[in-house]
Amino acid sequence: MVARLLLRAWPRGPAVGPGPLCRPLSASSGSGEYLHRSIVPTMHYQDSLPRLPIPKLEDTIRRYLRAQKPLLDDGQFRKTEQFCKSFENGIGKELHEQLVAQDKQNKHTSYISGPWFDMYLSARDSIVLNFNPFLAFNPDPKSEYNDQLTRATNMTVSAIRFLKTLRAGLLEPEVFHLNPAKSDTDTFKRLIRFVPSSLSWYGAYLVNAYPLDMSQYFRLFNSTRLPKPIQDELFTNEKARHLLVLRKGHFYVFDVLDQDGNIVGASEIQAHLKYILSDSSPAPEFPLAYLTTENRDVWAELRQKLASGGNEEALRKVDSAVFCLCLDDFPIKDLVHLCHNMLHGDGTNRWFDKSFNLIMAKDGTAAIHIEHAWGDGVAVLRFLNEVFKDSTQAPAVTPQSQPARMDSSVAVQKLNFKLNDALKTGISTAKEKFNATVKTLTVDLIQFQRGGKEFLKKQKLSPDSVAQLAFQMAFLRQYGQTVATYESCSTAAFKHGRTETIRPASIFTKRCSQAFVREPSKHSTGELQQMITKCSTYHSQLTKEAAMGQGFDRHLFALRYLAAAKGIALPELYLDPAYGQINHNILSTSTLNSPAMNIGGFAPVVPDGFGIGYAVHDNWIGCSVSSYPGRNAREFVQCVEKALEDIFDAIEGKCIKT
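Residues numbered from 1 in each chain as written. Predicted model: local features only at pLDDT ≥ 70, side-chain atom pairs only at ≥ 80, totals over all residues. Heavy atoms only, no water.

### What about the overall build of the chain?
Line of reasoning, step 1. Scanning the chain for helices and strands turns up 22 helices and 18 strands.
Line of reasoning, step 2. Here the chain has a C-alpha radius of gyration of 25 Å; the compact-globule value for 658 residues is 26 Å, and the two agree.
Line of reasoning, step 3. Overall, the chain is about 75 × 60 × 55 Å in size when its C-alpha atoms are taken along their principal axes.
Line of reasoning, step 4. Sorting the 658 residues of the chain into buried and exposed places 60% on the buried side.
Line of reasoning, step 5. The long-range fraction of contacts in the chain, counting pairs at least 24 apart against all pairs at least 6 apart in sequence, stands at 79%.
Line of reasoning, step 6. Accessible surface, the chain: about 25000 Å² in total, of which carbon and sulfur atoms supply 51%.
Line of reasoning, step 7. With 76 positive and 68 negative side-chain charges, the chain shows a spacing of 3 Å between the two charge centroids. (Helix = DSSP H or I, 4+ residues; strand = E, 2+ residues; numbered from the N terminus. Rg over C-alpha atoms; globule rule 2.2 N^0.38 Å. Buried < 20%, exposed > 50% of the residue type's maximum accessible area, 1.4 Å probe, protein only. Contact = heavy atoms within 4.5 Å. Areas by Shrake-Rupley, 256 points an atom, 1.4 Å probe, with all protein chains shown as cover. Lys, Arg positive; Asp, Glu negative; His and termini not counted. Charge placed at Lys NZ, Arg CZ, Asp CG, Glu CD.)

### A short note on the sheet that holds strand β13 (residues 485-490)
Line of reasoning, step 1. If you trace the 6 strands from one edge of the open sheet to the other, you get β12-β18-β17-β15-β13-β14, paired in mixed fashion. Looking at strand neighbours, the two that pair on one side only are β12 (442-448) and β14 (499-502), the edges of this open sheet. Across the sheet, the axes of successive neighbouring strands diverge by a mean angle of 25°, strand direction being ignored.
Line of reasoning, step 2. Relative to strand β18 (residues 621-627), strand β17 (residues 610-616) runs antiparallel, the two being bridged by 7 bridges. The residue bridging I612 from the neighbouring strand is V625, located in β18.
Line of reasoning, step 3. Against the sheet, helix α18 (residues 525-547) engages β13 and β14, with an angle of about 160° to β14.
Line of reasoning, step 4. Against the sheet, helix α19 (residues 553-565) contacts β13 and β14, and its axis sits at roughly 120° relative to β14. (Pairing = 2+ DSSP bridges. Axes fitted to C-alpha atoms, helices over the stretch in contact; angles between N-to-C directions.)

### Details of the side chain of R554
Line of reasoning, step 1. Here R554 lies in helix α19.
Line of reasoning, step 2. The buried charged residue R554 lacks any salt bridge partner; its closest oppositely charged side chain belongs to E500, at an N-O distance of 4.1 Å.
Line of reasoning, step 3. Of note is the side chain of R554, whose polar atom sits 2.8 Å from the backbone oxygen of T499. (Salt bridge = Lys/Arg side-chain N within 4 Å of Asp/Glu carboxyl O. Polar contact = N/O pair within 3.5 Å; in protein donor to acceptor, adjacent residues only side chain to side chain.)

### Digging into the sheet that holds strand β7 (residues 250-255)
Line of reasoning, step 1. An order of β11-β7-β6-β8-β9-β10-β1-β16 is seen for the 8 strands of this open sheet, with the pairing classed as mixed. Both outer strands of the open sheet, β11 (413-415) and β16 (597-601), are each paired with one neighbouring strand and no more. This sheet shows a mean twist of 25° between the axes of neighbouring strands, independent of strand direction.
Line of reasoning, step 2. Bridge count for β7 against β11 is 3 bridges, and the pairing is antiparallel. The residue bridging F251 from the neighbouring strand is L415, located in β11.
Line of reasoning, step 3. Lying over the sheet, helix α12 (residues 377-393) contacts β1 (134-137), β9 (356-360), β10 (366-370) and β16, oriented at roughly 15° with respect to β1.

### Quick word on the nonpolar core
Line of reasoning, step 1. The biggest cluster of nonpolar side chains holds 139 residues, and the ones touching the most others in it are F221, F323, W351 and I368.
Line of reasoning, step 2. The residues touching W351, leaving out its near neighbours within four places in the chain, are T224, L246, F251, L288, A289, T292, W299, L315, V318, C324 and N357.
Line of reasoning, step 3. Counting 45 residues, the second largest nonpolar core, distinct from the first, contains V616, V625, C639 and A650. (Core = buried A, V, L, I, M, F, W, Y, C linked by side-chain atoms within 4.5 Å.)

### What to know about helix α10 (residues 296-320)
Owing to its 3.6 residues per turn, the α-helix aligns residues three or four sequence positions apart on the same side.
Line of reasoning, step 1. Between its first and last C-alpha atoms α10 spans 20 Å; for 25 residues at 1.5 Å apiece the expected length is 36 Å, and the helix comes up short by more than 12%.
Line of reasoning, step 2. A bend of about 115° at N311 is the largest found in α10.
Line of reasoning, step 3. Capping the start of α10 is the job of one residue whose side-chain oxygen sits 2.9 Å from the backbone nitrogen of D297: N295. (Expected span 1.5 Å × (residues − 1). Bend = angle between axes of the 7 residues up to and from the residue.)

### Re the pattern of salt bridges
Line of reasoning, step 1. Considering all chains together, one arrives at 35 salt bridges under this definition.
Line of reasoning, step 2. Here E174 and R382 are joined by a salt bridge, their closest N and O atoms 2.7 Å apart. With E174 in the loop between α5 (148-167) and β2 (175-177) and R382 in helix α12, this residue pair connects regions lying 208 residues apart in the sequence.
Line of reasoning, step 3. By relative accessible area, which is 2% here, E174 ends up buried.
Line of reasoning, step 4. Sharing partners across several salt bridges, the network here consists of R124, R225, D232, R296, D297, D353 and E371.

### Brief notes about the pairing of β10
Looking along a regular strand, one sees side chains alternate from face to face of the sheet.
Line of reasoning, step 1. Most of β10 is tucked away: 5 of the 5 residues are buried.
Line of reasoning, step 2. Here β10 shows a buried face lined by A366, I368 and I370 and a second buried face lined by A367 and H369.
Line of reasoning, step 3. The pairing of β1 with β10 spans 3 bridges and is antiparallel. If you follow L135 over to β10, its bridge partner there is I368.
Line of reasoning, step 4. The pairing of β9 with β10 spans 5 bridges and is antiparallel. Bridging from a neighbouring strand, F356 pairs with I370 of β10.

### Remarks on the packing of aromatic side chains
Line of reasoning, step 1. In the structure shown here, the tally under the stated rule is 28 aromatic pairs.
Line of reasoning, step 2. Summarising the aromatic geometry, the rings of F221 and F356 are spaced 6.1 Å apart at their centres and angled 80° between planes, so their arrangement reads as edge-to-face. Of this pair, F221 sits in the loop between β3 (209-211) and β4 (223-226) while F356 sits in strand β9, and the two are 135 residues apart along the sequence. Exposure class is identical for F221 and F356. Each is buried.
Line of reasoning, step 3. Put simply, the rings of Y64, F87, F552, Y574 and Y579 touch in pairs and so form one group of aromatic residues.
Line of reasoning, step 4. Above the plane of the ring of F117 lies R498, whose end atom (NZ or CZ) is 4.9 Å from the centre.
Line of reasoning, step 5. Sitting over the face of the ring of Y479, R631 holds its NZ or CZ atom 4.4 Å from the ring centroid. (Phe/Tyr/Trp six-rings, centres within 6.5 Å; stacked < 30°, edge-to-face > 60°. Lys NZ or Arg CZ within 6 Å of the ring centre and 35° of its normal.)

### Some thoughts on the UniProt feature "domain: Choline/carnitine acyltransferase" (unreviewed entry) in the chain
Line of reasoning, step 1. UniProt marks residues 52-642 with the feature "domain: Choline/carnitine acyltransferase" (unreviewed entry), using the numbering shown here.
Line of reasoning, step 2. With 45% helix and 15% strand, residues 52-642 has end C-alpha atoms that lie 40 Å from one another. (UniProt positions renumbered as here; feature names shortened; annotations may be inferred.)

### Some remarks on the pairing of strand β5 (residues 233-236)
Line of reasoning, step 1. Relative to β5, β4 is paired through 4 bridges, and the arrangement is antiparallel. Within β5, the position partnered with S223 by the bridge is T236.
Line of reasoning, step 2. If you look at the hairpin formed by β4 and β5, you'll find 6 residues sitting between the two strands, and I230 has a positive phi there, around 75°.

### Comments concerning the packing of helix α16 (residues 463-479) against helix α17 (residues 507-518)
Line of reasoning, step 1. Between α16 and α17, whose axes approach to 9 Å, the crossing angle comes to 55°. By the angle between their axes, α16 is oblique relative to α17. In this structure, α16 crosses over α17, and the sense of that crossing is right-handed. On α17, the residues touching L469, Q472, M473, L476 and R477 of α16 are T509, C512, S513, Q514, F516, V517 and R518.
Line of reasoning, step 2. Here the contact of α16 with α17 is composed, by residue class, of 6 nonpolar, 4 polar and 2 charged. (Parallel < 35°, antiparallel > 145°, perpendicular 65-115°, else oblique. Left-handed = near helix turned anticlockwise from the far one by under 90°. Nonpolar A, V, L, I, M, F, W, Y, C, P; charged D, E, K, R; others polar.)

### Things to note about unusual backbone geometry
Line of reasoning, step 1. Here the phi dihedral of K460 falls at roughly 60°; this positive angle occurs in a residue that is not glycine.
Line of reasoning, step 2. Among the structural elements, K460 can be located in the loop between α15 (453-458) and α16.
Line of reasoning, step 3. Residue K460 is classed as exposed on the basis of its relative accessible area, which comes to 59%.
Line of reasoning, step 4. Its identity is not glycine, yet H496 carries a phi of approximately 55°, on the positive side.
Line of reasoning, step 5. Structurally, H496 is set in the loop between β13 and β14.

What follows is the structure, given as structure tokens:
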């Protein structure tokens, strides 16, 4: 399987510097049509963003070998070194020169953008579990606002306000402020808006502010991934004005924007949602949504039959809808149930192809489920933050609000699909496959309360490095190995940047993990502290390199993609078992941090792996872990907790308990 990317908003900074982008939920907000009115136009910095650099080939090879070192024995490593030497001096050099030349001819984009879209869209596995992650909102701080109808109405209105603010160019540009006292001020914004777009990035850079790429944002709305043979397509129709609502496997649409582009009254939206919630129709015998869980080629063929069987207009409404709101008829029991429900559910009440599904449980627990091909964590997290802030601070309706008195049966259209025997069989088969797969997924969680970002930064340690060290220690304790580990890192500081990989398994984490797990009594707490510090320093270096487009994974991926495109035989480096092994990411990890977010998660990217979504908060560390049979998420979570206890004991100068 291809590595999925539940992406973090901004890479970890150095241990004593700024942490990840945990965006202040934007400055001025208000009810009405817009979230706020930015002084600086939304896309003001886009034209002048720096281009994603292609690393030097020798740097890529050096970094690749550095990442391989903890995973291979001496004999294997020497073989891999030979493959690398041949590649660097032969076909790799030629491919690199061609890639650089191609990049110079395509200055409007990045060298990774096209290949990355193709990688996602040509994958034929089901997008459910294999690619799509979820992010769950925190509850509304005012408990009475967590009523399902109230919160669904408020979040829908806030999402449409986001859409309108974005399209009007009034959404604040996404900027990473290293010195907000200088750059995140009205004075600076009033000045920078007069700087031409072709130069504006440089003006921000002068005050230590780094605008981020916003080219993905338009795909948030009115967008769907369409299944096609061989390679899917991304479809967007910004003219559509209707919302898609799923409940009990039924499909409903109604307009949320009027003909002039204004938001339909909140009381009308509330009335329409109330009408949908009161529909007592039984669940359909053949729920159509199962088809979006299928292998993409199978789904492409079935969709063709669906369209030619008189369902083209209904499908067009599904595809072009502003977004998909999923109303579930049950409350969330606990965090494990939340993860399962938001990651996959029962397959009947999600349209997994939509750019995102906004899911609302009976008790008002809310999450977004994201189709990953169109974009990454920066756009998704910004949307999550703004919708949470607006719906809680400027709610469109209150628990006392009365829905508009109107006949919603006129405004709300229930979509009916004509299904022939082939489609019914296709749905039944998809259902069987889906149920069999999700049954094998285990999820468990940890909330480590002993400390978090504040404590670790006081010790001059990178909080992210400590979490990653804990995962290395846990796997070593459980399975006695150091294995390929993937951590996603945004390269949104560059035009059309996507992501780069941080490789957290290093000679430093391996040495440190072995000291803690296998021989704690042989080392003083001072020695263990020194090892933790070395891990932190090295991890911060890897993170900075990745954020600046100086990893090795994307470069090697692009060279391989280019070789295939030119019909060149796959170079030996890619046939080396060590290359396959480092890309078989047994530990796939990703972090997002936000005051709006409760938890996020995804499934393992390989059958014998773990999917680890985590966040280092100010005073605690949260982590969700998923696994399939053959790995044990529950036991791994216990090992992570033990590792964190040991690390914190060592930092505090306490003896390590064996």
